[in-house]
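The lines below spell out each chain.
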Amino acid sequence: MKRVLSVAAVLVGLISASTATVDDGAGPFGVTVTVRDARVGVLLRAVGGGHFCTASVVDAPHRNLIVTAAHCLGGDGGLVFVPGYRDGRAPHGEWRVQRRFLPRGWVEGRHEDSDVGFAVLAPRGGTEVQDVVGGNRFVTGTVTGATGVTVTGYPDTRETPVSCTDKPAALGRTQQRVACPGFSGGTSGSPWVNGDGQVVGVLGGHDQGGTTPGVSYSVVLGAEARRLYRQAAGHS
């Protein structure tokens, strides 16, 4: 998960955020606020423990798919996704992870350029998660920094999500970064959504998403992520 060097660093990042708090959208560039977004939620261990990563629903033919960081899907225990989680409540239900899809680069070498993963969720009462909360399109091959992105995630010290809009910058050919305060541990897997409602990044990658709450990273979504999406989206 996103690692933070010290508690002091987290506090500095949160204090530097805007004091504005809204429930219906992101603030101006580089300002972190609280939001409501039913398509974004937390990952929980099926048995015990609090939320530890973020994930979001993406559009898929079987309407049952979430995307997150690959490092959030490790381990042998069961996982549960709670979309729209807020203050300990699950307003849209709890959805069991049925199958996980990880890229070869991550499975074989924990390569930071492969830190994207998908999970298929089991239906609840015959209903799929996307039928309940909707889903954003997962898009690869976009140009880093062409547009601003809104990053939404759940710090593991908070019971509400935070969101920030900024324009990504390249970190080499395979990684991208955004400068947004308050994205501490627990925000790994947060979607980067552009103005067209497309997921064009996932918080993770370099240093598993970053070592300070003020700068976060994502893999540049390319051919490997596209193949993995197609594989995951083809399973019911």
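Overview of the structure. (Residues numbered from 1 in each chain as written. Predicted model: local features only at pLDDT ≥ 70, side-chain atom pairs only at ≥ 80, totals over all residues. Heavy atoms only, no water.)

## Re the overall build of the chain
Rules: Numbered from the N terminus, helices here are DSSP runs of H or I no shorter than four residues, and strands are runs of E no shorter than two. Relative accessibility under 20% of the residue-type maximum defines a buried residue, over 50% an exposed one, and the middle range a partly exposed one, all with a 1.4 Å probe and only protein chains included. Working rule for contacts: check all heavy atoms of both residues, and any pair within 4.5 Å makes them a contact. Areas reported as accessible are Shrake-Rupley estimates using a 1.4 Å probe. Residue values count occlusion only from the protein chains shown.
Within the chain one finds four helices and 15 strands. Residues classed as buried in the chain amount to 52% of the 236 residues present. Across the chain, the fraction of contacts at a sequence separation of at least 24, relative to all contacts at a separation of at least 6, is 68%. About 10,000 Å² of surface is accessible on the chain, with carbon and sulfur atoms providing 50% of the total.

## Considering the sheet that holds strand 4 (residues 65-68)
Going by this rule: The pairing criterion is simple: DSSP has to find at least two bridges between the two strands. To obtain each axis, a line is fitted to C-alpha atoms, and for helices this fit is confined to the stretch in contact; angles are then taken between N-to-C directions over 0 to 180 degrees.
Here we have six strands rolled up into a closed barrel, ordered 2-3-4-7-6-5, and antiparallel in their pairing. Shown here is a sheet whose adjacent strand axes are inclined to one another by a mean of 40 degrees, direction ignored. Relative to strand 7 (residues 117-121), strand 6 (residues 95-101) is paired through four bridges, and the arrangement is antiparallel. Directly across from Arg 100, in strand 7, lies its bridge partner Ala 119. Most of the contacts of helix 4 (residues 223-233) go to strand 7, to which it runs at about 10 degrees, and overall it touches strand 3 (53-58), strand 4, strand 6 and strand 7.

## Thoughts on the environment of His 92
Within the element layout of this structure, His 92 appears in the loop between strand 5 (79-83) and strand 6. C-alpha of His 92 to C-alpha of Val 129: the two residues are 37 residues apart in sequence and 8.6 Å apart in space. Excluding anything up to four places from it in sequence, His 92 contacts Ala 38, Pro 83, Gly 84, Arg 124, Val 132 and Val 133.

## Thoughts on the pattern of salt bridges
Here is the rule: Any Lys or Arg side-chain nitrogen located within 4 Å of an Asp or Glu carboxyl oxygen qualifies as a salt bridge.
If you walk through the whole model with that rule in mind, you get two salt bridges. The salt bridge involving Asp 131 is made with Arg 63; its shortest N-O contact spans 2.5 Å. Of this pair, Asp 131 sits in helix 3 (residues 129-133) while Arg 63 is found in the loop between strand 3 and strand 4, placing the two residues 68 residues apart along the sequence. You can call Asp 131 partly exposed: its relative accessible area is 44%. Glu 108 is the salt-bridge partner of Arg 104, the closest N and O atoms lying 3.8 Å from each other. Placement of both Arg 104 and Glu 108 in helix 2 (residues 104-109) is noted, with a separation of four residues, approximately one turn of the helix. When its relative accessible area of 63% is taken as the criterion, Arg 104 is described as exposed.

## Here we look at the nonpolar core
Quick reminder of the rule: For this analysis, a nonpolar core means a set of buried residues of the types Ala, Val, Leu, Ile, Met, Phe, Trp, Tyr and Cys, connected via side-chain atoms within 4.5 Å.
Counting 19 residues, the largest nonpolar core has Val 58, Leu 65, Val 67, Phe 118, Phe 138 and Tyr 229 as its most contacted members. Elements with a minimum of two residues in this core: strand 4, strand 7, strand 14 (198-202) and helix 4. Broken down by element, this core gets its largest block of residues, five residues, from helix 4. Those residues in contact with Leu 65 that lie beyond four places of it in its chain are Ser 56, Val 57, Val 58, Ala 60, Phe 118, Ala 119, Val 120, Tyr 229, Ala 232 and Ala 233. If you look at the next biggest cluster of nonpolar residues, it comprises 17 residues, including Cys 53, Leu 79, Val 97 and Leu 121.

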